[in-house]
Each structure stands twice: as structure tokens, then as C-alpha cells.
Amino acid sequence: MDIAEILNKLNRSEDILGSLVITQEGMVVMSALEAGHNPETFAAFCSSVGLTLSKSLTNLKIETFHRYILSSEDYKLFIVNIGNLFLVVITTIDAKLSEMNVLLYQVESLIRKTGRLD
């Protein structure tokens, strides 16, 4: 299974509105976002958040983050650190954290198996 197939399968989940895989530098590897969402804009934003988190945690002598969640009034944005890549998932505000944690763990494992982490 390749990354496009993984993201398309992930997006079939009820509360997921879109997903993408980006490099830590903000380049889009694969995008499965709904129309109206610009993958490059999300990639730039999430890369900035991810790198800032990693650097700040390093300065605090804390190992880098594994998963970070941003919430707004309408959406949740999950940023998952998977080596040299970030998995970004946009969900409805009603998405259950416990269910998302299990799903993101499974998707992370599938992405790692593609060998695209270098």
C-alpha cells in the first residue's frame, strides 16, 4: 500500500476531513485534503509548528513530540511526528481523541512500512 492509498483510506473515517504527509521542511509528499484546503499552506503551517515544538522541547531537555493536537472552534488538527515526515490530519471538533489515537497509530505504522522516511 502506498501513501496515497493510506491517506484515502484514512479519510473514509467519519470525522476526518482531510490528511497529508509532509517533510519536516514543509514540502508536500502526498495530500488528500478536501477541496478548498491548500496543501502547501497547511504544509508550511504544520512544518513551522512541528519544528518550533521540536526545538523548544530540545531546549527544555525533553525528547521531541510524538503527536500534537491543535483545536479551534470547528476543527482539530493532529500533527504526528514520524521521523523525517509529519502526518497531518484535520478532523471535526467532535472527533474522539481515544479513537483518533488508535487510528493515527495504525496509519503511522502503515506509512513507516512504505519506507518513505528517509
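This text follows the structure it describes.
Residues numbered from 1 in each chain as written. Predicted model: local features only at pLDDT ≥ 70, side-chain atom pairs only at ≥ 80, totals over all residues. Heavy atoms only, no water.

## Remarks on the side chain of Thr 91
- Following the sequence through the fold, Thr 91 ends up in strand β5 (residues 85–92).
- The contacts of Thr 91, once residues within four sequence positions are left out, are Asp 15, Ile 16, Leu 17, Asp 74, Tyr 75, Lys 76, Phe 78 and Met 100. (Helix = DSSP H or I, 4+ residues; strand = E, 2+ residues; numbered from the N terminus. Contact = heavy atoms within 4.5 Å.)

## Some thoughts on the nonpolar core
- Among the nonpolar cores identified, the biggest contains 20 residues, and Val 21, Leu 87, Val 89 and Ile 111 are the most heavily contacted of them.
- Only α1 (3–10), β1 (16–23), β2 (28–33), β4 (75–82), β5 and α3 (97–113) provide two or more residues apiece to this core.
- Among the elements that make up this core, the one with the highest residue count is α3 (five residues).
- Discounting chain neighbours no more than four positions away, the residues touching Val 21 are Ile 3, Leu 7, Met 27, Val 28, Val 29, Met 30, Leu 85, Phe 86, Leu 87 and Ile 111.
- Judged by nonpolar contacts, the second largest core, of 16 residues, contains Leu 20, Ile 22, Leu 33 and Leu 77. (Core = buried A, V, L, I, M, F, W, Y, C linked by side-chain atoms within 4.5 Å. Buried < 20%, exposed > 50% of the residue type's maximum accessible area, 1.4 Å probe, protein only.)

## Section: the packing of α1 against α3
- With their axes 10 Å apart at the nearest point, α1 and α3 run at an angle of 170 degrees to one another. One finds that α1 runs roughly antiparallel with respect to α3. Classified by chirality, the crossing of α3 by α1 is right-handed. Residues Ile 3, Ile 6 and Leu 10 of α1 form the contact with α3, whose own contacting residues are Leu 103, Val 107, Leu 110 and Ile 111. (Axes fitted to C-alpha atoms, helices over the stretch in contact; angles between N-to-C directions. Parallel < 35°, antiparallel > 145°, perpendicular 65-115°, else oblique. Left-handed = near helix turned anticlockwise from the far one by under 90°.)

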